[in-house]
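Overview (structure and organization)
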Amino acid sequence: MEKTKKFSGWSVMIGCFLLFFCGSGLISNTTGLFMEPICVELGVSTTTYSLINVFTSCASALSSAVLVPRLHTGNMKKILFAAIVVTAGGYALQGVCQQVWQLWIVGFVLNLGLAFLTYVPVGMMITNWFIDKRSIAMSVAMSGMGLGGAIWSVVLAQFISTRGWRATYFAGAAIAFVTMVLILVFLLKKSPEQYGQTPYVKTGGRKEEAQAQANPAEEWQGLDKKTALRSSAFILLGIAMLLVGVYAAGVATHVVTFLLWEQWDMVAASSILSVQMAVSIVGMLVGGVLINRFGLKRCVLGAGILMALSCLSLALTPQIPAMAYLYGVFAGLCGMMASVVPSLMVSSVFGVRDYTGIYSSINVFFMLGCAVGSAAVAVVSNAFGYVAAWYLCTVACVLVIVLFLVALNMSKRFREMYPNPTE
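What this report covers is the structure whose coordinates are included nearby. Keep in mind that this is a model prediction, so the values were computed, not measured.

**Description of the packing of helix H12 (residues 232-261) against helix H14 (residues 296-316)**
Between H12 and H14, the least distance of the axes is 12 Å, while the angle of their chain directions is 25°. Relative to H14, the element H12 is oriented roughly parallel. Where H12 crosses over H14, the two elements pack in a sense that is left-handed. Where H12 approaches H14, its residues Tyr247, Val251, Val255 and Phe258 are matched on the opposing element by Met307, Ser310, Cys311 and Leu314.

**Points about the pattern of salt bridges**
Summed over all chains, the structure comprises one salt bridge. A salt bridge links glutamate 41 to arginine 166; the shortest N-O distance between them is 2.9 Å. Residue glutamate 41 is found in helix H3 (residues 31-42), and its partner arginine 166 is found in helix H10 (residues 165-186); the two are separated by 125 residues along the sequence. Look at glutamate 41 and you get partly exposed, because its relative accessible area is 44%.

**Concerning helix H17 (residues 355-384)**
For H17, which comprises 30 residues, the first-to-last C-alpha distance of 41 Å matches the rise-based estimate of 44 Å (1.5 Å per residue) to within 8%. Looking at the residues trailing H17, positive phi occurs at glycine 385, about 100°.

**Some remarks on the nonpolar core**
Formed by 128 residues in total, the largest nonpolar core has its most connected members in Met345, Phe350 and Phe404. In contact with phenylalanine 404, other than residues within four places in its own chain, are Leu237, Ala240, Met241, Val300, Met337, Val341 and Met345.

**A closer look at the packing of aromatic side chains**
Inspection of the entire model under this criterion finds 26 aromatic pairs. An angle of 55° between the planes, with centres 5.6 Å apart, marks the rings of phenylalanine 20 and tyrosine 119 as tilted. Placement of phenylalanine 20 in helix H1 (residues 9-22) and of tyrosine 119 in helix H8 (residues 119-129) is noted, with a sequence separation of 99 residues between them. We classify tyrosine 119 as buried; its relative accessible area is 10%. Here the aromatic residues Phe7, Trp10, Trp129, Phe130, Tyr195 and Tyr200 are joined through ring pairs into a cluster of three or more. For the cation-ring pair, lysine 189 lies above tyrosine 195, with the distance from its terminal atom to the ring centre recorded as 5.5 Å. Above the ring of phenylalanine 294, the side-chain terminus of arginine 293 is found at 5.0 Å from the ring centroid.

What counts as what
- Residues numbered from 1 in each chain as written.
- Predicted model: local features only at pLDDT ≥ 70, side-chain atom pairs only at ≥ 80, totals over all residues.
- Heavy atoms only, no water.
- Axes fitted to C-alpha atoms, helices over the stretch in contact; angles between N-to-C directions.
- Helix = DSSP H or I, 4+ residues; strand = E, 2+ residues; numbered from the N terminus.
- Parallel < 35°, antiparallel > 145°, perpendicular 65-115°, else oblique.
- Left-handed = near helix turned anticlockwise from the far one by under 90°.
- Contact = heavy atoms within 4.5 Å.
- Salt bridge = Lys/Arg side-chain N within 4 Å of Asp/Glu carboxyl O.
- Buried < 20%, exposed > 50% of the residue type's maximum accessible area, 1.4 Å probe, protein only.
- Expected span 1.5 Å × (residues − 1).
- Core = buried A, V, L, I, M, F, W, Y, C linked by side-chain atoms within 4.5 Å.
- Phe/Tyr/Trp six-rings, centres within 6.5 Å; stacked < 30°, edge-to-face > 60°.
- Lys NZ or Arg CZ within 6 Å of the ring centre and 35° of its normal.

Here it is in structure tokens:
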């Protein structure tokens, strides 16, 4: 075991932020930039190309369920390095694809690796390194995704216009590989115990690094994975995360199309997503502070209400066009419901004993929601119109609030049934 005196948790948090910035921010959040040039060159419709979302979401779900849990017991740095190779290699291979089905296959493989570089590993590291201020550290780390998307979208859009989409894939892959390897080598550490440290705790208003021999803050260890997966709380969280996935993927992918149908021009319609992305950075950072200050239950209620209001705003947009901008604000502010909140929900409801395995299983539901979300909104909107789809999404958001709050209440019973062992 390598022993270090200085607390490394803050550098781990920065590393997680940069991992999101250079991983999801560059690779996932810029996917929409490539749709038009690829469809034009390969001669396929946007609907056909969009099937790649099904393949990528299924790959992420498979990886979360089967492969990512190995992070808990395996060598994290070796596993993440392999994931970086697969992710960057897959991103580069997209630049040589000549048929749309090849993009589907490459996208599937790419996301098998990318799942190791996003929510689950970051959640694992932040949970290991922080007991107090965990919500703040989590929100800072995951805000890298929104900031990365905002910056890389501008950079890659310019590169596509001057060099073409194929060269952009090659350049993006090189940037992602080099930066993520450096982040892995110098900043990411699996747990404080491996370095002779203990998680961050705060006692009596003063920051402390607990003694390595001490039991850090007696944090509740909770349930093992087998017990957790059989509980009704897991089912409730799974359904909630499925609906959050539908919201995250389904609503965002149809907003521009909806506004174009409402006779908006492309620039104005795209500006709504820019508002959402910009506000999401603030929402993520402020959300972590609020959770730390007021608790998870109150913030879940507040963020869930914002989710519902975002969908309701879209439903009212045909009558009041300015409501579309309120959608961007509300959706940006509640962005933590798909990132920070699920991670904290798992540790709060089930404890930290088998955090990685339980969180990866919960994440499967989110990925499945992302896989079907766009298609579900399309089916409803084609049959009944977009306004009906937005009202249904509003109802789904209210259901998410109820499911999350019920699951949180069940954690009290779990803490009584599965207390920490006493020596």
